[in-house]
Amino acid sequence: MLMRSPLDSLTPGQITRIARVVAVVTAVGLGLAYVTNVLEPVSSGIGSFLLGCALLLAAPRQRATELLGALTVWHCFAEFLSTLQSGHFAFWRLAVSVATLGGAMAVIRIQHLRLLTRESPDHALGDLDRRTVGGIGVLPRTDAQLAELRRESAGKA
């Protein structure tokens, strides 16, 4: 008899919808904790990690760097509001939150580098122009690149 996990029946769309709810609830909870000044550095880091993961799952088509950057700005704004409310700037709380988001970004960048290593292990990073539209780089090709393309196509014919 095969044992199945309850997670086996979830779809990616359901996970995205659940993550949206978790992101809103976490953002409201963190916002209230900031404004009432009851948030400690450790709980701020945990909340940042939870909110960051929830946002990444909630908006799969949005770039991770943009989401985590916006979340960093949100933390700075929340800390500013907390400072206005209490008259005390909690540097360590903000530092832990931003460092947590930086750690999440580092993992994402490492994962991207692993993907590049699997797909193009022998290409220089500068040659892997990701800014493409329909397979053609956004930047116009140089004369040397065009000559190289002509030689490759002539050699295949």
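Read on for a plain summary of the structure.

## Focus: the nonpolar core
Turning to step 1, where the next piece is worked out: Formed by 13 residues in total, the largest nonpolar core has its most connected members in Leu39, Leu51 and Leu68.
Turning to step 2, where the next piece is worked out: Contributing elements (two or more residues each) for this core: helix H1 (12–35), helix H2 (41–58), helix H3 (64–86) and helix H4 (91–119).
Turning to step 3, where the next piece is worked out: Element by element, the count of residues in this core is highest for H1, at four residues.
Turning to step 4, where the next piece is worked out: In contact with Leu51, not counting residues within four places along its chain, are Ala23, Thr26, Ala27, Leu30, Leu71 and Trp74.

## Looking at the side chain of Thr26
Turning to step 1, where the next piece is worked out: Within the fold, Thr26 resides in helix H1.
Turning to step 2, where the next piece is worked out: Beyond its immediate chain neighbours, meaning those up to four positions away, Thr26 contacts Gly47, Leu50 and Leu51.

## Overview of the pattern of salt bridges
Turning to step 1, where the next piece is worked out: Using the criterion set out here, one finds one salt bridge in the structure.
Turning to step 2, where the next piece is worked out: Arg93 serves as the salt-bridge partner of Glu79, at 2.7 Å between the closest nitrogen and oxygen. A residue pair is termed long-range when its members are at least 10 positions apart, and Glu79 in helix H3 and Arg93 in helix H4 qualify at 14 residues.
Turning to step 3, where the next piece is worked out: You can call Arg93 buried: its relative accessible area is 2%.

## Brief notes about the packing of aromatic side chains
Turning to step 1, where the next piece is worked out: In total, this model carries two aromatic pairs according to the counting rule given.
Turning to step 2, where the next piece is worked out: Between Tyr34 and Trp74, the aromatic rings sit 6.3 Å apart at their centres with planes inclined by 80 degrees, giving edge-to-face as the arrangement. On the criterion of sequence distance, the pair formed by Tyr34 in helix H1 and Trp74 in helix H3 is long-range, its members being 40 residues apart.
Turning to step 3, where the next piece is worked out: Overall, Tyr34 belongs to the buried group, its relative accessible area being 0%.
Turning to step 4, where the next piece is worked out: According to the relative accessible area criterion, Trp74 is partly exposed, its value standing at 27%.
Turning to step 5, where the next piece is worked out: A centroid spacing of 5.3 Å and a plane angle of 70 degrees characterise the contact between Phe91 and Trp92, whose relative ring orientation is edge-to-face.
Turning to step 6, where the next piece is worked out: Exposure remark for Phe91: the relative accessible area of 46% places this residue in the partly exposed category.
Turning to step 7, where the next piece is worked out: With a relative accessible area of 61%, Trp92 lands in the exposed category.

Conventions and cut-offs
Residues numbered from 1 in each chain as written. Predicted model: local features only at pLDDT ≥ 70, side-chain atom pairs only at ≥ 80, totals over all residues. Heavy atoms only, no water. Core = buried A, V, L, I, M, F, W, Y, C linked by side-chain atoms within 4.5 Å. Buried < 20%, exposed > 50% of the residue type's maximum accessible area, 1.4 Å probe, protein only. Helix = DSSP H or I, 4+ residues; strand = E, 2+ residues; numbered from the N terminus. Contact = heavy atoms within 4.5 Å. Salt bridge = Lys/Arg side-chain N within 4 Å of Asp/Glu carboxyl O. Phe/Tyr/Trp six-rings, centres within 6.5 Å; stacked < 30°, edge-to-face > 60°.

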